[in-house]
Amino acid sequence: LLASNALKIVERYRFLLNHPTAARSTTRSTNGFSDWKQFDPIHIQERWSYHRDQHNIYIAEAVVSAVCWLVFLLPLAKLAWILSRGGKR
């Protein structure tokens, strides 16, 4: 879980480096909903190109998150099995 949060921070940092106006823009909304609602083609194109460029980071985040959950859940399941005395309780 910690690794996936770190990947999200890295992703946001890269976005702000590639789109410096996103951090300090006053004319464009920060959430982009008004731009989507108005079908602003420049904004939509920027968002799609950003997500296409970050696809590998999203995949890596999902893999790291899945591995972290497995590392957490396997010992927990083993402990539950031991505490139930082999499924007898």
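Just so you know, these numbers come straight off a predicted model, no measurement behind them.

The next point concerns helix 4 (residues 41-53). Every α-helix winds through 3.6 residues per turn, so residues three or four apart in the chain are directed the same way. The end-to-end C-alpha distance of helix 4, which contains 13 residues, comes to 18 Å, matching closely the 18 Å that a straight helix rising 1.5 Å per residue would cover. Among all positions in helix 4, only His43, Ile44 and Tyr50 are buried. In a view along the axis of helix 4, the buried residues occupy a sector of 130°, so they form one face of it. Residues of helix 4 that are exposed and point more than 90 degrees away from the buried face comprise Pro41, Ile42, Gln45, Trp48, Arg52 and Asp53.

On the surface, Trp69, Phe72, Leu73, Leu76, Leu79 and Leu83 cluster together into a nonpolar patch covering about 590 Å² of accessible area. Note that Leu76 resides in helix 5 (residues 55-83). Classification of Leu76 as partly exposed rests on a relative accessible area of 44%.

As for its placement among the helices and strands, Val10 is situated in helix 1 (residues 2-18). Take Val10: its relative accessible area is 37%, and that puts it in the partly exposed class. Remark: the alpha-carbon pair of Val10 and Ile57, spanning 47 residues in sequence, is separated by 9.1 Å.

So, about the packing of aromatic side chains. One pass over the structure, following the stated rule, counts one aromatic pair. Centre to centre, the rings of Trp69 and Phe72 are 5.9 Å apart; their planes meet at 75°, and the pair counts as edge-to-face. You can see Trp69 and its partner Phe72 sitting in helix 5, three residues apart, about one turn around the helix.

If you check the backbone angles, Arg85 has positive phi at about 55° while not being a glycine. You can see Arg85 is positioned in the segment after helix 5. A relative accessible area of 57% means that Arg85 is categorised as exposed.

Summarising the model, the protein shows a mean pLDDT of 76, and 74% of its residues fall at 70 or more. When mean pLDDT is taken per element in the protein, helix 5 scores highest with 90 and helix 2 (residues 20-24) scores lowest with 54. Counted against residues more than four places away or in other chains, residues 25-29, with its pLDDT under 50, gives six contacts.

Cut-off values and rules
- Residues numbered from 1 in each chain as written.
- Predicted model: local features only at pLDDT ≥ 70, side-chain atom pairs only at ≥ 80, totals over all residues.
- Heavy atoms only, no water.
- Helix = DSSP H or I, 4+ residues; strand = E, 2+ residues; numbered from the N terminus.
- Expected span 1.5 Å × (residues − 1).
- Buried < 20%, exposed > 50% of the residue type's maximum accessible area, 1.4 Å probe, protein only.
- Arc of directions from axis to C-beta.
- Patch = residues over 30% accessible without salt bridge, like charges linked within 9 Å, V, L, I, M, F, W, Y side chains within 5 Å.
- Areas by Shrake-Rupley, 256 points an atom, 1.4 Å probe, with all protein chains shown as cover.
- Salt bridge = Lys/Arg side-chain N within 4 Å of Asp/Glu carboxyl O.
- Phe/Tyr/Trp six-rings, centres within 6.5 Å; stacked < 30°, edge-to-face > 60°.
- pLDDT = per-residue confidence, 0-100.
- Contact = heavy atoms within 4.5 Å.

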